[in-house]
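Here is how the chains run, residue by residue.
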Amino acid sequence: MSRRLIGLPELEDLAIGAAVLGTGGGGDPYVGKLWAQGRIHARGPVELIDADDLADDDLVIAAAMMGAPSVIVEKIPNGAELVAAFQAVEQACEARAAAVMCIEAGGINSTIPFALAADLGLPVVDADGMGRAFPEVQMVSFAAYGLPATPMAIADEHGNVTLLRTTSAEWAERLGRALVVAEGGASVLAQYPLRGLDFKRTAIRGTLSLALEIGAGLRGAGRQGNVAIESLTHRLRGAVIFHGKVVQVQRETAGGFVRGAVVIEGLDTRADSRCEVTFQNENLVAIADGSILASVPDLITLLEEESAHPVTTERLRFGMRVYVLALPCAPLWREEIGLAKAGPRCFGLDVEYVPFEQRLAAR
Amino acid sequence: MSLRIGVDIGGTNTDAVLVNSADRVVARAKTPTTPDVVSGIRAALAEVLTPAPLEPVVAAMLGTTQCTNAVVERRGLRSVAIMRLGAPATAAVPPFADWPDDLRQAVSGHVALVHGGHDFTGQELAPLGEDDVRRAAATAAELSMPIAIVGVFSAVNPEHERRAAEICAEEAGVDHSISMSSMVGSIGFLERENATILNAALTEVARLATTSFESAVHSACGVKTCYFTQNDGTLMALDYARRYPSLMLASGPANSMRGGAYLSGVMNGLVVDVGGTTTDIGILVNGFPREAPFVIEIGGVRTNFRMPDVVSLPLGGGTVVRREAGKVTVGPDSVGYRLTQEGLAFGGGQTTFTDVVLSLGRADLDVPVPRPSLEHNLAEKAYRVALEVLERGVQRMRPSADPLTGIGVGGGSVLLPECLDGNVEVVRPDDYAVANAIGAAISEVSGSVDRIVAIGARAMEAIRDEVRQEAIAQAVAAGARSAAARIVLWEEIPIAYLPGNAVRLRAKAAGPLAHAR
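Residues numbered from 1 in each chain as written. Chains lettered and ligands numbered in written order. Predicted model: local features only at pLDDT ≥ 70, side-chain atom pairs only at ≥ 80, totals over all residues. Heavy atoms only, no water.

A.B. asks: Give a description of the interface of chain A and chain B that names residues and reports values.
C.D. replies: Chain A puts 46 residues into the contact, and the matching count from chain B is 41 residues. Here B:Arg192 ties to A:Glu74 by a salt bridge, and the two come within 2.6 Å at their closest N and O atoms. Where chain A meets chain B, there are 16 residue pairs in polar contact (both at pLDDT 80 or more). For the side of chain A that touches chain B, the secondary structure elements donating two or more residues are α2 (30-43), α3 (69-72), α7 (169-182), β10 (239-254) and β11 (257-266) of chain A. (Contact = heavy atoms within 4.5 Å. Salt bridge = Lys/Arg side-chain N within 4 Å of Asp/Glu carboxyl O. Polar contact = N/O pair within 3.5 Å; in protein donor to acceptor, adjacent residues only side chain to side chain. Helix = DSSP H or I, 4+ residues; strand = E, 2+ residues; numbered from the N terminus.)

Below you can see the structure in the form of structure tokens.
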């Protein structure tokens, strides 16, 4: 049994760690952090429990925002809508939840569940459905194992609550996205109501404490950025796959996503080489001198050289000095059922997935 | 023919220039900035106006750091009444959520969350709660607090903010300080709210600063028309500066860059402003400072003020050079304005960056001094360290690897090499030392629009055109000559995670003053 209290300073760490796991996208955790800090300030710290602390019959429900992070930074939620969405799913399940879960440990959705948990006096489970950030409802471990995303409730600040029962997670994505647009581009939702037994079997474990640890390591980095990055890659069994200076950034919107690429020119020992990282909200593939270094679902994160802080795709600009980190994804994503939901082909890439460690070893 | 005065108040010096209607500099002065500020202005004005000019002086333009200092030092700030237009949205994160305690205590007044605001398409989130606005305005008037009005997506549709401001003026009087967030910051509600609160808090500081400048100028040369330079390198009239003092934050670097552009004739390039303690590097795009794209922290508060994108390096003419345990260090400390007493070349005992450059014979000062004798090895090493600092700064700022012109301004720019970072050729125009005051004197007036639009609903070109026209109309409304107003900045930024392909359009127009030429 492992319990830990999440208070105001822990949320600072979480926000940074979640941006690392956000792999360039996932939305800035800042607004979610302030929201959660406000609720924790009012209601007290939130308990972070281990998945094994859940009984097999316990109900656990994910809380998240859906839509454009650039909208949520402007149209900040009311706060009550997340409670309404969560309770609508509880009602549909005819049961009270024992805990709140994060659907994704990366980006803004890592922090938002703590606001809800503080309001409801519930714990948050130290596990999520991605171990990183992905853009769509079905790119979740639970869906990979065939568990339903619905009943799912989407709620807005006006008090509108819509309950969806869909035939697949893909339909939940499609219908949910349409609702979110109608509600002004960003809403909150509760989804994937799961029994403790199913959750323990399918969740990606320990990801929030991992984000907390990453954040604590980088937050105190100061000018010792390279030291912090070294210990981070060691701890996560990742690798610095490139170090250089951004020389080109391209971005375009297509189908509601920001797609683009950043070209990084090597420094030091890699002075003659160039690395290109393509992204669709999140970073997808890193290629250097014609060969792939790493690809989704492995995590590709850019860290600013000086501060060691993660860089989101919208912050990328010419001249920025960055480390390109590859971190291993959760083992599930390397299996067939995982690759079917979130492999390179799910992002329209004609790339065979090979774990980045194997790619590095072969070089 | 007529003359204009440009004044720039920096941390160390107050510079003034007199320019004629052809924008030629006819007199210049550099005087120390005084603690009361205004006596320094008087001294600088007296210097440029002696002997008395033959042509009339018709306008004065001032750039000042007083607002920045007030925020950083928490001095002279007012408590603010905040009016959020967004209920039921935004309640999850109240105002002042992430402020340093001392600044919050200095500024936090009254908070009202009322119905209103828009979504990203510009549709109403809720009708404006006019009665609540009126009640909050009456409270603010009673407490005599400046009012900060912040509406959700007001950058897309400022209608509710404008209506709320009207109601506030009815309740609290037309002279009451009312700040609308759509005039202060860009998209990002909390950052824009913070910016608007700081703007409102600064109105008293601004009133004092503008009044004392106005009276100093008036008594020095009879001029009644005063303008203040904004941080985008353009001008605003006195009453506007009093309402939106935050637009003066970081106007100093903007003035230097505008001055550098004017003096060198280079409209797209890199400006390197070398002072006594620091070097500021910024980028010129069509003759205007490139804007910082991200959140700006000021006094410990996250804001999205429009600010010039400037990197400030700990290297200037007075930066101290040492050898410690065999290792050569350059700064970050500096003798600053005491360089001319404490530097080796001036007979003092401190080895400075200036001494290093002079001893290597890489530059000469305008006023010749004996070449300081430094151990060659030390000088070479220190020079390399300093150059590395400069070149890293250049690398961070330059937009691409293409060749670029670097414009050296500021008193210390004589120390710059002829070439930086491989292909940045450095030019140093005449009057480089007072480029900031010149930048103030030649400034234009501007208008800007920042909007998220959905692609596909209408022809994109028609939307672009509308946004451009609106920016030009704003510039003209602010005092630009309409025939000469033009678009000087245009950006299209895609918005993530929204189907329907939304894009954010930003336009800025500028033109020379319609009067005063």
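A.B. asks: Outline the packing of helix α9 (residues 207-219) of chain A against helix α10 (residues 225-235) of chain A, listing residues and values.
C.D. replies: All names here are of chain A. The N-to-C vectors of α9 and α10 enclose an angle of 160 degrees; their axes lie 9 Å apart at closest approach. By the angle between their directions, the pair α9 and α10 is classed as roughly antiparallel. The element α9 and its partner α10 pack so that their crossing is right-handed. Counted together, Leu210, Glu213, Ile214, Gly217 and Leu218 of α9 and Ala228, Leu232 and Arg235 of α10 form the full contact between these two elements. Among the residues forming the contact of α9 with α10, the class breakdown is five nonpolar, one polar and two charged. (Axes fitted to C-alpha atoms, helices over the stretch in contact; angles between N-to-C directions. Parallel < 35°, antiparallel > 145°, perpendicular 65-115°, else oblique. Left-handed = near helix turned anticlockwise from the far one by under 90°. Nonpolar A, V, L, I, M, F, W, Y, C, P; charged D, E, K, R; others polar.)

A.B. asks: An account of the packing of aromatic side chains is requested, with residue identities and associated values reported.
C.D. replies: All names here are of chain A. Scanning the entire structure with this criterion turns up seven aromatic pairs over all chains. Considering the side-chain rings of phenylalanine 134 and tryptophan 333, the 5.2 Å spacing of their centres and the 80 degrees angle between planes classify their relative orientation as edge-to-face. In this pair, phenylalanine 134 sits in the loop between β5 (124-128) and α6 (141-144) while tryptophan 333 sits in the loop between β16 (321-327) and α11 (336-342), placing the two residues 199 residues apart along the sequence. We note that phenylalanine 134, like tryptophan 333, is buried. Look at phenylalanine 142 and phenylalanine 199: their rings are 5.9 Å apart centre to centre, the planes differ by 35 degrees, and that puts the pair in the tilted class. Here phenylalanine 142 is found in helix α6, whereas its partner phenylalanine 199 is found in helix α8 (residues 196-202), with 57 residues between them in sequence. Each member of the pair, phenylalanine 142 as well as phenylalanine 199, is classed as buried. Each residue in the set Phe134, Trp333 and Phe347 is aromatic and connected to the rest through ring pairs, giving one cluster. (Phe/Tyr/Trp six-rings, centres within 6.5 Å; stacked < 30°, edge-to-face > 60°. Buried < 20%, exposed > 50% of the residue type's maximum accessible area, 1.4 Å probe, protein only.)

A.B. asks: Go over the pattern of salt bridges with me, naming the residues and quoting the values.
C.D. replies: All names here are of chain B. Taken as a whole and assessed by the stated rule, the structure comprises 50 salt bridges over all chains. For glutamate 492, the salt bridge is made with arginine 464, and the minimal N-O distance between the two is 2.4 Å. One end of the pair, glutamate 492, is in strand β23 (residues 486-494); the other, arginine 464, is in helix α14 (residues 460-477), and 28 residues separate them in sequence. Overall, arginine 464 belongs to the buried group, its relative accessible area being 19%.

A.B. asks: Tell me about the environment of B:Ala440, and please be specific about residues and values.
C.D. replies: Tracing the chain through its elements places B:Ala440 in helix α13 (residues 435-441). For the pair B:Ala440 and B:Ser256, spaced 184 residues apart in sequence, the C-alpha separation works out to 8.3 Å.

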